[in-house]
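Analysis of the macromolecular model
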Amino acid sequence: MAEIVLAYCASHAPMMSSARMAAPEDQRNNFFGALDHIRDEAVERGVQACVVLSNEHYTNFFLENFPQLCIGLGEKNWGPTEEWLPIDKVWIPGHAGLANHIATYTLNHGFDPAFSHQLELDHGIMTVYYELDQSMKLPLVPIVQNCAVPPLVPVRRAYEFGKALGEAIRGYTGLQRVALVGAGGLSHWIGNPRVGDIDEDFDRWFLQRLERGELDQVLDMPDSEIELAGNGNHEMRTWLAVAGAMAPARATTLAYEPVYPWITGMGVAQWETEPVGAQTSATVEQQETRREESLT
């Protein structure tokens, strides 16, 4: 059976790649330092494939047909689709066995995901995937979610889908070590006069809820309340899907930076996948120190 040996979420603002040096040095170093840590963990834990959830940015679907969920079943997917994104355009290997297992399992457990045998991968997946494996050879199962176009799946439903997704991955017999990744958020506004605003208070509150396992308030939030932290804040659904897959484990915030040149509250949070007893006291102390520094 497969295990989820690495689980994390990270913001995916395209400027993290296209305008990397525009961010203040300390913010840049903190954010990318957290992703470097994740990449090292992936190598250390021998990750064989990754499942990445992200928003659909009108790259594969438009208003005539906009599924709430779509699982990429293909042997390969093309990305990044944006010509201006400074990441090589390549065919990213898929993992059809794991993807079909996820699709079948979730169909049999109360969900109705669409599927595609060839998705185009935009910055929503590619910025985070690239930081995980810069060779871009790690097999990827992309799952795009509707975090943009009303009517949206309630956030509690996204969390429940995450539970089913976690069960599906753990029930797959074709791999042993899988990474689960949520990409998107945190607070930001797109396509309206508030572009450039960041709601730091909401971002820190949300990250603290993930750390404390106090999710009921979050899961009952209506869309109108979510949008108080930006229409891009609907991407919190990808984070909550990962939280559902990893429950009852709690997250540790590795980095949070309100990067105004990137118009986004940029966060990285990781769910510990090892038994608590397997962690050394030094590891626990390092995680606690990083968490306190990120939230101050």
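For the structure, see preceding data.
This part takes up the overall build of the protein chain. Along its length, the protein chain carries 10 helices and 10 strands. The C-alpha radius of gyration of the protein chain comes to 17 Å, within 12% of the 19 Å expected for a compact globule of 296 residues. Along the first, second and third principal axes, the C-alpha atoms of the protein chain reach 50 × 45 × 40 Å. Taking the intrachain contacts of the protein chain between residues at least 6 apart in sequence as the baseline, contacts between residues at least 24 apart amount to 81%. For the protein chain, the accessible surface area stands at approximately 12300 Å², while carbon and sulfur atoms represent 50% of it. Side-chain charges in the protein chain split into 20 positive and 40 negative, and the spacing between the mean points of these groups amounts to 3 Å.

Quick look at unusual backbone geometry now. Each neighbour pair has its own omega, and for proline 150 with proline 151 the value is 0 degrees, a cis peptide bond. With respect to the secondary-structure elements, proline 151 resides in the loop between β7 (140–145) and α5 (155–170). Here the bond from glycine 185 into leucine 186 is cis, since omega is -5 degrees, no more than 30 degrees from zero. Topologically, leucine 186 is positioned in the loop between β8 (177–183) and α6 (200–212). Phi is positive for tyrosine 58, close to 60 degrees, though the residue is something other than glycine. Mapped onto the secondary structure, tyrosine 58 falls in the loop between β2 (49–55) and β3 (69–72). We classify tyrosine 58 as partly exposed; its relative accessible area is 40%. In this model, isoleucine 263 sits at a positive phi of 50 degrees, which is unusual for a non-glycine residue. Note on placement: isoleucine 263 falls in the loop between β9 (251–259) and β10 (264–271).

About the criteria used
Residues numbered from 1 in each chain as written. Predicted model: local features only at pLDDT ≥ 70, side-chain atom pairs only at ≥ 80, totals over all residues. Heavy atoms only, no water. Helix = DSSP H or I, 4+ residues; strand = E, 2+ residues; numbered from the N terminus. Rg over C-alpha atoms; globule rule 2.2 N^0.38 Å. Contact = heavy atoms within 4.5 Å. Areas by Shrake-Rupley, 256 points an atom, 1.4 Å probe, with all protein chains shown as cover. Lys, Arg positive; Asp, Glu negative; His and termini not counted. Charge placed at Lys NZ, Arg CZ, Asp CG, Glu CD. Buried < 20%, exposed > 50% of the residue type's maximum accessible area, 1.4 Å probe, protein only.

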